[in-house]
Number of protein chains: 2
Amino acid sequence: MNALIRKLEHFVKLSPGDRAILTRAASERVRKFGPRADITREGDRPKDVHLVLTGWACRYKQLEDGRRQVVSFFLPGDMCDLNVFILKEMDHSIGTITSATVADLSREFFDEISAGYPRIATALWWETLVNAAIQREWTMNLGQRTALERMAHLFCEIFFRFRLAGFAEGLSCDFPLTQADLADATGLSKVHVNRTLQELRAGRLVILKGKTLTVPSLERLMDAALFNANYLHMDHEGRQLDANEFPDATDGAKARDLAKGY
Amino acid sequence: MNALIRKLEHFVKLSPGDRAILTRAASERVRKFGPRADITREGDRPKDVHLVLTGWACRYKQLEDGRRQVVSFFLPGDMCDLNVFILKEMDHSIGTITSATVADLSREFFDEISAGYPRIATALWWETLVNAAIQREWTMNLGQRTALERMAHLFCEIFFRFRLAGFAEGLSCDFPLTQADLADATGLSKVHVNRTLQELRAGRLVILKGKTLTVPSLERLMDAALFNANYLHMDHEGRQLDANEFPDATDGAKARDLAKGY
DNA sequence: ACAAAAAAATAACATAGGTTATTGAATAGG
DNA sequence: CCTATTCAATAACCTATGTTATTTTTTTGT
């Protein structure tokens, strides 16, 4: 059930205790939102870290004149910036796409993690670094890729991230974004998103029907997008900590070292 | 002298001991680079955190076919992602613009910080969050702003960041970027950068001569850019920790709490 | 099951920004 | 100090993407 755990385990093997505290945190202070609802708004004082449990959400920014840019998507298991609470004001808004459930994680939860759950702390750092890498890739996407490449790239990214969190059965995944959402995320106009989508469909690169995305050949889509998955840092080889090595968070000097923070 | 210290002190008041360890770290393992030299390349294993002491550098990504996007600039006092060492491979390159000196900071240095220098740890978290915010703003910049707004925005950002690090005397600051660099950073062609620059000059929004940027009226430039500085989180009011409150890093339960990590 | 609303598709036309090529002005290096 | 490069400027032309408007299809709420 817990997409966050599944995702983090791609980087670090978690112990039963690790999983328990994550499960607990994801079940306290859960809120439900309808579709197209704001979770926080630019200018608000950040109070909690938001973890998306179900549904899709996004970060977005708006200019005074209304131009809107989606700067990232939150899929189940994704959370907003660690430590946001140290900032005075949000510089962007977070809103739902579909109806969604969100767990609010307190500062205290993170204190607890960094004091006694080194594997989780490491995994959260990994998540932070991956999110930064994704944001950089979006910069590249908007700055250099053509409309077709850009959309293909977004489809690839979502498909990969979905798989990482354990969704995306086979060639298909849930895909509730409207063409207007795609426009806001790719910096294209709605009309051009529509045109480009038709081009992608004509090339059998994606099948987008109902609210489902099907990718007949991920390889061909990746080629069309000039997609290189390295920025998602999904490497299993990279597992730095192993539950067998430190069976318990409270055990051994090495674990304590790792708990020190970062 | 130390731009990093000056920058961090905009968020947290550092103690003499804090300043000392930062100064020490910035003087060990210093490397010099010529202009247009790579500090790390995509695919390399990250080993250290790089702190730019003098000169300008940038992060960039490249597509197979050579299209290049600068995804961020490093000014003196800027450093690359904390904790990069937990990743297996760099997903981008870092290269100099001008000749530059760079200090390499080890994993051990950060362990030391998070164990005994809570104010620095907090300030580095602030820096991490600001960098994430900057990257989001670049996404917005490329996705929604016109060429003129985009360039004006970049000038504003650099001007603000320069001031924060204690450079930028009055209305001017050092500005070694070529039009080709600006093109790579804004996702525009060199020719259009040139055109747009002339438009900015005609409107007396910037004076760019030699390697110096002069902003006759920051207010007017900000208007032209639809620039809102909130994403830089420069608020003094936001200072969370004060050196007077915790004169020594090793002192008191409160400091220890804060040292826990995040 | 139906009406109302939202989303997607299509069309005609407009433009911001890209491309290629050439020339002129600064720098830098020997 | 002179030459070789790099950088900036200008020009003519081109195209990817934006705009506005309308129609068709799908979804949603009752």
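Residues numbered from 1 in each chain as written. Chains lettered and ligands numbered in written order. Predicted model: local features only at pLDDT ≥ 70, side-chain atom pairs only at ≥ 80, totals over all residues.

## What about the overall build of chain A?
So, point 1. In terms of regular secondary structure, chain A is built from nine helices and 10 strands.
So, point 2. Counting the 262 residues in chain A, one finds 48% classified as buried. (Helix = DSSP H or I, 4+ residues; strand = E, 2+ residues; numbered from the N terminus. Buried ≥ 20, exposed ≤ 12 C-beta atoms within 10 Å, placed from the backbone.)

## With respect to the sheet that holds strand β4 (residues 57-62) of chain B
All names here are of chain B.
So, point 1. With antiparallel pairing, the four strands of this open sheet are ordered in space as β2-β6-β4-β5. A strand with exactly one partner marks an edge of an open sheet, and here the two such strands are β2 (38-40) and β5 (68-74). Direction aside, the axes of adjacent strands within the sheet are offset by 35° on average.
So, point 2. Pairing of β4 with β5 involves six bridges; the strand directions are antiparallel. (Pairing = 2+ DSSP bridges. Axes fitted to C-alpha atoms, helices over the stretch in contact; angles between N-to-C directions.)

## Some remarks on the protein's contact with DNA strand C
So, point 1. Within the structure, DNA strand C sits among 14 residues, and Thr-178 and Gln-179 of chain A together with Ala-147, Val-191 and His-192 of chain B are positioned closest to it.
So, point 2. It is helix α7 (residues 190-202) of chain A that contributes the most residues to the surface near DNA strand C, four residues altogether.
So, point 3. Of the residues in the surface near DNA strand C, the class split is six nonpolar, eight polar and no charged. (Near = placed C-beta within 6 Å. Nonpolar A, V, L, I, M, F, W, Y, C, P; charged D, E, K, R; others polar.)

## A look at the environment of Ala-202 of chain A
All names here are of chain A.
So, point 1. Structurally, Ala-202 is set in helix α7.
So, point 2. Judged by local crowding, Ala-202 falls into the exposed class, with 8 C-beta atoms found within 10 Å.
So, point 3. Through-space distance from the C-alpha of Ala-202 to that of His-92 is 36 Å; in sequence the pair is 110 residues apart.

## Considering the relation of the copies chain A and chain B
So, point 1. Relative to chain B, chain A is turned by 180° and slid 0.0 Å along the rotation axis, the superposed coordinates differing by an RMSD of 0.0 Å. In the structure described here, the two chain copies are related by an operation that fits a two-fold rotation axis.
So, point 2. The fraction of interface residues of chain A whose copies in chain B are also interface residues reaches 100%, indicating that both copies meet through the same surface. (Least-squares fit on C-alpha atoms with pLDDT ≥ 70 in both. Contact = placed C-beta atoms within 7 Å.)

## Some remarks on the interface of chain A and chain B
So, point 1. On the chain B side, the residues contacting the 47 residues of chain A number 47 residues.
So, point 2. Elements that contribute at least two residues to the side of chain A that touches chain B include exactly β5 (68-74), α3 (107-116) and α4 (118-144) of chain A.
So, point 3. It is α4 of chain A that contributes the most residues to the side of chain A that touches chain B, 15 residues altogether.
So, point 4. Classifying every residue of the side of chain A that touches chain B by side-chain character gives 20 nonpolar, 15 polar and 12 charged.

## Focus on the protein's contact with DNA strand D
So, point 1. Around DNA strand D, 14 residues are found, and the nearest of them are Ala-147, Val-191 and His-192 of chain A together with Thr-178 and Gln-179 of chain B.
So, point 2. For the surface near DNA strand D, the element with the highest residue contribution is helix α7 (residues 190-202) of chain B, accounting for four residues.
So, point 3. Taken together, the residues of the surface near DNA strand D sort by class into six nonpolar, eight polar and no charged.

## Here we look at the pairing of strand β3 (residues 49-54) of chain A
Residues and elements named next belong to chain A.
So, point 1. Among the six residues in β3, five count as buried, and that is most of the element.
So, point 2. As defined by bridge partners, β3 adjoins strand β7 (residues 100-105) across five bridges and the pair is classed as antiparallel. In the sheet register, Thr-54 faces β7, and the bridge partner there is Thr-101.

## Observations regarding unusual backbone geometry
So, point 1. Located in the positive-phi region is Leu-226 of chain A, a residue other than glycine, with phi close to 50°.
So, point 2. Within the element layout of this structure, Leu-226 of chain A appears in the loop between α8 (218-225) and α9 (252-259).

## A closer look at the sheet that holds strand β1 (residues 30-33) of chain A
All names here are of chain A.
So, point 1. What the three strands build is an open sheet, ordered β1-β7-β3; its pairing is antiparallel. Of all strands in the sheet, those with a lone pairing partner are β1 and β3, marking the two edges. Adjacent strand axes in the sheet meet at a mean angle of 35°, parallel and antiparallel pairs treated alike.

## A word on α3 of chain A
Each turn of an α-helix holds 3.6 residues, which means side chains three or four residues apart point in the same direction.
So, point 1. Inspection of α3 of chain A places Phe-109, Phe-110, Ile-113 and Ser-114 of chain A among the buried residues, and these make up the whole buried set. Down the axis of α3 of chain A, the sector holding all buried residues measures 130°, keeping them to one side. (Arc of directions from axis to C-beta.)

## So, the nonpolar core
So, point 1. If you look at the biggest cluster of nonpolar residues, it comprises 158 residues, and the most contacted ones within it are Leu-51, Phe-155 and Leu-221 of chain A together with Leu-51, Phe-155 and Leu-221 of chain B.
So, point 2. Those residues in contact with Leu-221 of chain A that lie beyond four places of it in its chain are Ala-152, Phe-155, Cys-156, Leu-205, Val-206 and Val-215 of chain A. (Core = buried A, V, L, I, M, F, W, Y, C linked by C-beta atoms within 7 Å.)

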